[in-house]
Amino acid sequence: MPTPKKGPRLASSPAHERLMLANMATSLFQNGRIVTTLPKAKRLRPLAERLITFAKRGDLHSRRRVMRVIRNKSVVHVLFTQIAEQMEQREGGYTRIVKIAPRKGDNAPAAIIELVTEPVSKKQAVVKEAEAAAKSAETEAPAAEAPVEAPAETAAEATEAPAEQAE
């Protein structure tokens, strides 16, 4: 049996791993956070973020692609209506993994994976506004420079004209 390309499998077969990740994604979208092992949380993060990106698009094709993974229609509805609406201003980083104490029974590294529900920080919004202002200033700068250069040329012509008259 070939080994997967992105690290060791979490379960006995690829199909079992796919189903396990789908169940964890369903639980994540239902509850907002789940406690699991660190390797499982790290494997769940890209899947969950991809599903949220589909939900942000909101069209029928995206809904059907999400339904391939998450079979519960009520969870898909919550994902497309509530979670996608919360993540509208965010450009990525929809989930957060927090390491916690190892699990009691087998000492496995445990983690909490949760949805980031806080609004985007004001600092990032200010930086985006500054970038937009800089871009608009760059586009307006060539238009503003043209009139500035024209008087300089006329001033140069004016200094040349008396010099020609003097000769």
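Notes on the structure follow. Note that the coordinates shown come from a computational prediction; the quantities given were computed from them, not determined experimentally.

Focus: the overall build of the chain
- Within the chain, the secondary structure is distributed over 5 helices and 3 strands.
- Its helices and strands in sequence order give the chain the pattern α-β-α-α-α-β-β-α, from N to C terminus.
- Out of the 167 residues in the chain, the part that is buried amounts to 26%.
- Approximately 11600 Å² of the chain is accessible, and the part contributed by carbon and sulfur atoms is 55%.

A few points about the pattern of salt bridges
- With the rule as written, the count across this model stands at 6 salt bridges.
- The salt bridge partner of Arg-43 is Glu-17, with a shortest N-O separation of 2.5 Å. Note that Arg-43 is positioned in helix α2 (residues 38-57) and Glu-17 in helix α1 (residues 14-31), a separation of 26 residues in sequence.
- Linking Glu-114 and Arg-33 is a salt bridge whose minimum nitrogen-to-oxygen distance equals 3.1 Å. A residue pair is termed long-range when its members are at least 10 positions apart, and Glu-114 in strand β3 (residues 110-115) and Arg-33 in strand β1 (residues 33-37) qualify at 81 residues.

Structural notes on the sheet that holds β1
- With antiparallel pairing, 3 strands are arranged side by side in an open sheet as β1-β3-β2. The sheet is open, and its two borders are formed by β1 and β2 (95-99), each paired with just one other strand. Taking the axes of each pair of neighbouring strands and ignoring which way they run, one obtains an average angle of 25° across the sheet.
- The pairing of β1 with β3 spans 5 bridges and is antiparallel. Among the inter-strand pairings, Arg-33 is bridged to a residue of β3, identified as Glu-114.
- Lying on the sheet, α1 is in contact with β1, β2 and β3; it crosses β1 at an angle near 145°.

Side note on the packing of aromatic side chains
- Counting across every chain of the model gives 0 aromatic pairs.
- One cation-aromatic arrangement involves Arg-63 over Phe-80; the distance from NZ or CZ to the ring centre is 4.4 Å.

Some thoughts on the environment of Gln-86
- Considering the arrangement of structural elements, one finds Gln-86 in helix α4 (residues 73-86).
- Taking the C-alpha atoms as reference points, Gln-86 and Pro-119, separated by 33 residues in sequence, lie 7.8 Å from one another.

Side note on the side chain of Ser-62
- For Ser-62, the position within the fold is in helix α3 (residues 60-69).
- A distance of 2.5 Å separates polar atoms of two side chains, one belonging to Ser-62 and the other to Asp-59.
- In this view, Ser-62 contacts Phe-54, Arg-57 and Phe-80; residues no more than four positions away in its chain are not counted.

Cut-offs and rules
- Residues numbered from 1 in each chain as written.
- Predicted model: local features only at pLDDT ≥ 70, side-chain atom pairs only at ≥ 80, totals over all residues.
- Heavy atoms only, no water.
- Helix = DSSP H or I, 4+ residues; strand = E, 2+ residues; numbered from the N terminus.
- Buried < 20%, exposed > 50% of the residue type's maximum accessible area, 1.4 Å probe, protein only.
- Areas by Shrake-Rupley, 256 points an atom, 1.4 Å probe, with all protein chains shown as cover.
- Salt bridge = Lys/Arg side-chain N within 4 Å of Asp/Glu carboxyl O.
- Pairing = 2+ DSSP bridges.
- Axes fitted to C-alpha atoms, helices over the stretch in contact; angles between N-to-C directions.
- Contact = heavy atoms within 4.5 Å.
- Phe/Tyr/Trp six-rings, centres within 6.5 Å; stacked < 30°, edge-to-face > 60°.
- Lys NZ or Arg CZ within 6 Å of the ring centre and 35° of its normal.
- Polar contact = N/O pair within 3.5 Å; in protein donor to acceptor, adjacent residues only side chain to side chain.

In short, the description is geometric, and any link to function would need to be established separately.
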